[in-house]
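Per-entry structural report
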Amino acid sequence: MLDSAFVSQIVLPHPILWAVAAALCLALLIWRVWTFIIIPALRPDEPKLLPYWIPFLGHTWAFFRNPEKLINNGFHYFGSNKPFALTVAGKRTVILRNVQDVASVWRNTQALTIDGFVVEALGAFGITKPTLKKIFTDPRDLIKDDESQARSLLIRENPQKKGYMDWERDFFTAQLLEPDRLRKLLDKYLSHLQEVLAWDNLSPSYVVPRSSSEPPRDKSTTVSLQVFCRYTVSYCSTVTFFGPKLQQVAPQFLQDYQDFERLSWKVFYRLPAFLARSSHAAKEKAIDGLEKYLSLGEEERPELETIFQAINNELTHLGVGRRDVAAFIVVIIWAINNNAHKVAFWIFAHMLHDPAYLNAVCREIDGAYATPDAEPDMNVLLTACPHLDAIWYETMRVYNATSAIRHAKTDCIIGDKRIRVGDQIVAPFRQFHLNREIFGADAGSFRPERFLENKGLHRAKGYSPFGGGYTYCPGRLFAQREIYLFVAETLRRFDLELVPRPGGPRMPQVDERIPSPAAMGPDEDVLVRLTPRAH
Ligand code: HEM
C-alpha cells in the first residue's frame, strides 16, 4: 500500500497540459491518416510515401544512418517493385526498385539531372558558392578576354556551348576511354606499382613491426591489408596523374589525403562541424599541398597529366581561385581512389580466406608473364583469367553500395508514377545486386563461381557497379585494369599468408557503422605475411 502522505505529494500535470498533449496526439493522428491513407488514395499516380512519425524530419536520420536498411524496410512494407517515396531533409526522395525504371531515368536527360547533387557534394567538400555557380554557367559569359578565349578549350572545342561540368564529363570520357591514352596511363601506373612493390620500398605505413616474441624469419614481413591497399592504390594513381613533383613540393600530401579519405564519409554525409572536425582538417591539409603544387609554373610540373592540366586551366579561365581548383581536384582524386583500394582489399581478403581460389588466380596470372622478369600482358589478364574476372565481378556486386542519383528539373513519369519538380530520385544498385531473381537464391552470399557458371552474368540488367547514363563512371576501364595489375604484381612477387588471429581466421564483414556512398569498408583489418616468391 502506498503511504497516503506520499500520494498526496505527487503533483499531477495540470489539466491544460493534458489537453495540449491530447490535442497534439490527435493532430498527429489526423496528419498520419491524411498523409499516408487519404492522399495516396486520392493520388494513385504518385509514389507512395513510407509512413513515419515525425513531420518534417521524416526519414532523414534513418537515411543517413543506414540507407540500405531503410530502403529494405520500404521494399518489404510496400511489397511491390513500384517506386516509393521517403522524406529526406524535407525533400521527397523517390526510390526505384525496377531495373526498367532505372533505364528510363538514365534516358530522361531532359527532366532529370545530377547537377543538384553535384552542387551539394562539392559544397560539402568546401567549394565556394561563386565557383559552384560558374561551373554551370555558359563559359562565353565568363571568359571575355581575347587571350583566354583563344586558349580555352571551353570556348574553342565546345560546339554545344556546354557549361564547365558537362564539358568536363565529356573530356574525362575522351581522356580515360580512348585506348591509346588509357594504355599510356596504365604503363605509367605499372611502372610506379613495380617501384612501390619492390621489397626495399615497402612502406613503413603498412608494415606491422615484428613483436619481440615473434621468431625472426628470413625475408618476410607482416602488413595491414587495409593500409597496404589504400597506400599502394593512392600512391600509384597520384604519381601517375601528378608526377613525382607533387611529393617533392608537398611531401605530406599522400598522408594528408589518406587521412582525409579515411574520414571522408563524414564530409560527404555533411555531419555537423563539431563531429567532423578531424576530417575537415585533413581535407584542408590535402588541399594546401595541392594548392602549393598548382602554384608552380607549368614547366616545373611537366608530368601533370593532360586531364588535370586541362581542369586547372579551364577553371582558371572561368575565374575560379586556386584554392577552389585544388579542392575540386582533391574531390576527383577521391573519386579515383576511394573505391579502388576497398575493392582491392576485398579481393585479397577473399582469396586469402579461400586458398584454392587464390591458387587458381595465381596460376592464371602466371600465364600473363612470358618470363619471370617480363611485364604482365594486359591482354592475358583481361581475357585469360576467368577466376580473376569472377572475383572482380563478385566483389563489385557485393561490396559496392553505389546509387544513381538524379533531381527532377521538370515533372515526368517513371514506372507509371508521377515525379515532380524538386524530387530526388535514387536507384540503389546494391538492392539490384542482391536480387535473387537476377543472381540466384544465394544472391546474398559471396560466391565468385556464379560468374564462372554464367559467363554473361556481368552483362545482366541490374548489374551496374559503375552506374550508368550520362554519369557512367569514366574511369571504369582504368579501375579494372589498375586493380588487375595490382593483384597480378602482388601475387607475382609475394607468397601471401594470413597471419593467425586470436579465435581463428575470420573473413571481415562490411562495417555497417560507417555509411558509404560507394565501395564499403570492412569491420576488421586483415594481417598478411608477405614473403618474396621464388620463381
Ligand atoms: C573500383 C573503382 C571505381 C568504382 C566502383 C567507381 C564507381 C563509380 C560510380 C558508381 C560513379 C557514379 C555513376 C553514376 O552516377 O551513375 C562514378 C563516377 C565517377 N567516377 Fe568512378 N569508380 C571507380 C573508379 C574510378 C576511377 C579509377 C576514376 C578515374 C580515373 C573514376 C572517375 C569517376 C568520375 C570522374 C566520376 C564522375 C562522373 C560524372 O559525374 O559524370 N572512377 N564512379
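All residue numbers here refer to positions counted from 1 along the written sequence of the relevant chain. Local features in this predicted model are restricted to residues whose pLDDT is 70 or higher, and side-chain atom pairs enter the listing and the counts only when it is 80 or higher, whereas totals over whole chains, interfaces and linings include all residues. Only hydrogens and water are set aside; all other atoms, that is, all heavy atoms of the structure, feed into the side-chain values.

**Overview of the coordination of the iron atom of the ligand**
Inclusion rule: Each metal's donors are the N, O and S atoms found within 2.8 Å of it, except that Na, K and Ca use a 3.2 Å limit; water is left out, so coordination can look incomplete. Per the convention used, a helix needs a DSSP run of H or I reaching at least four residues, while a strand needs a run of E reaching at least two, with both numbered from the N terminus.
Looking at the iron atom of the ligand, one finds just one donor atom contributed by the protein, C473 (SG), at 2.3 Å. With respect to the helices, strands and loops of the structure, C473 is situated in the loop between α24 (449-453) and α25 (476-493).

**Regarding the UniProt feature "transmembrane region" (unreviewed entry) in the protein chain**
Which entries qualify depends on this criterion: UniProt positions are given in the numbering used here, feature names are shortened, and annotations may be inferred rather than shown by experiment.
Those places that UniProt annotates as "transmembrane region" (unreviewed entry) correspond, in this numbering, to residues 16-39. With 100% helix and 0% strand, residues 16-39 has its two end C-alpha atoms placed 32 Å apart.

**Description of the sheet that holds strand β4 (residues 112-113)**
How we decide: Note: two strands are recorded as paired if DSSP finds a minimum of 2 bridges between them. For this analysis, residues touch if any pair of their heavy atoms sits within 4.5 Å. Lines are fitted to the C-alpha atoms to define the axes, a helix being fitted only along its stretch in contact, and any angle between axes, read from their N-to-C directions, falls within 0 to 180 degrees.
Read across the open sheet, the six strands follow the order β1-β2-β3-β10-β7-β4; overall the sheet is mixed. Since the sheet does not close on itself, it has two edges, and those belong to β1 (48-49) and β4, each with one partner. By the bridge criterion, two bridges tie β1 to strand β2 (residues 84-88) in an arrangement that is parallel. Pairing of K48 across the sheet is with F84, part of β2. Across the sheet, helix α4 (residues 67-78) lies against β1, β2, β3 (91-95) and β10 (424-428), angled at about 140 degrees from β2, the strand it touches most. Contacting β4, β7 (403-408) and β10, helix α5 (residues 99-107) runs over the sheet at an angle of about 55 degrees to β7.

**Regarding the layout of surface pockets**
Rolled over the atoms, a probe as big as a water molecule pinpoints where empty space is left. To be explicit about the condition: A pocket, in this scheme, is an open set of points on a 1 Å grid over the protein atoms alone with protein on both sides within 12 Å along at least 5 of 7 lines, while a cavity is a set where a 1.4 Å probe fits but cannot get out; residues line either one if an atom lies within 4 Å of a point. Grid points are joined across faces, edges and corners, and a volume is the space filled by probe spheres set on the points. Residue classes follow a fixed rule: Ala, Val, Leu, Ile, Met, Phe, Trp, Tyr, Cys and Pro count as nonpolar, while Asp, Glu, Lys and Arg count as charged, and any other residue, Gly among them, counts as polar.
Of the voids in this model, the second largest pocket is the one considered here, and its volume is about 550 Å³. Along the wall of the second largest pocket there are 24 residues; nearest its centre are H458, Y463, P465, F466 and Y472. Elements with a contribution of two residues or more to the lining of the second largest pocket: α5, α21 (386-398), α22 (429-433) and α25. By residue number, the principal contributor to the lining of the second largest pocket is α5, which donates four residues. When its residues are assigned to classes, the lining of the second largest pocket shows 15 nonpolar, six polar and three charged.

**Focus: the UniProt feature "binding site: heme" (unreviewed entry) in the protein chain**
The criterion, for reference: Partly exposed residues are those whose accessible area sits between 20% and 50% of the maximum for their type, while under 20% is buried and over 50% is exposed, using a 1.4 Å probe and protein chains only.
The UniProt feature table records "binding site: heme" (unreviewed entry) at C473. A relative accessible area of 23% places C473 in the partly exposed class.

**Some thoughts on the packing of aromatic side chains**
Spelled out, the test is: Only Phe, Tyr and Trp rings take part, Trp by its six-membered ring, and two of them pair if their centres are within 6.5 Å. Stacked means planes under 30 degrees apart, edge-to-face means over 60, and tilted covers everything else.
Under the criterion given, the structure shown has 38 aromatic pairs. Centroid distance F117 to F268: 6.2 Å. Interplanar angle 65 degrees. Geometry classified as edge-to-face. Of this pair, F117 sits in helix α6 (residues 115-124) while F268 sits in helix α15 (residues 264-268), placing them 151 residues apart in sequence. Among the residues examined, F268 registers a relative accessible area of 13% and is labelled buried. Ring plane angle 80 degrees and centroid distance 5.3 Å describe the contact between F345 and W346, whose orientation is recorded as edge-to-face.

**Looking at the nonpolar core**
Worth spelling out the cut-off: Throughout this description, the term nonpolar core refers to a set of buried Ala, Val, Leu, Ile, Met, Phe, Trp, Tyr and Cys residues connected via side-chain atoms within 4.5 Å. Where each domain starts and ends comes from a domain assignment, either automatic or drawn from a database.
Core analysis: the biggest nonpolar cluster contains 136 residues, and Y164, L225, F242, L290, M351 and L491 have the highest contact counts within it. When residues are assigned to domains, this core turns out to be shared by domain 1 (15-95) and domain 2 (115-412 + 443-532), each giving three or more. Dropping the residues within four chain positions of it, F242 is found in contact with L290, Y293, E303, L304, F308, I329 and I333. Listed in part, the 17 residues of the second largest apolar core include L96, V99, A408 and F432.

**Re the site of the ligand**
Basically, it comes down to this: The cutoff for a nearby residue is simple: one of its non-hydrogen atoms must lie within 4 Å of the molecule or strand. Polar contact is the term for a pair of N or O atoms within 3.5 Å; when the atoms are in protein, one must be able to donate a hydrogen and the other to accept it, and sequence-neighboring residues count only if both atoms are side-chain atoms.
Around the ligand lies a shell of 21 residues, among which R169, T402, G468, T471 and C473 are the nearest. At 3.3 Å from an oxygen atom of the ligand is found a main-chain nitrogen or oxygen belonging to G468. Here T471 contributes a side-chain N or O atom positioned 2.9 Å from an oxygen atom of the ligand. It is helix α18 (residues 322-352) that provides the largest number of residues to the shell around the ligand, a total of five residues.

**Some words on the domain arrangement of the protein chain**
One frequent convention defines the size of an interface as the accessible area lost when the parts assemble. Looking at the assigned domains, one finds that the protein chain contains domain 1 (15-95) and domain 2 (115-412 + 443-532). Each of domain 1 and domain 2 has a C-alpha centre, and these two points are 38 Å apart.

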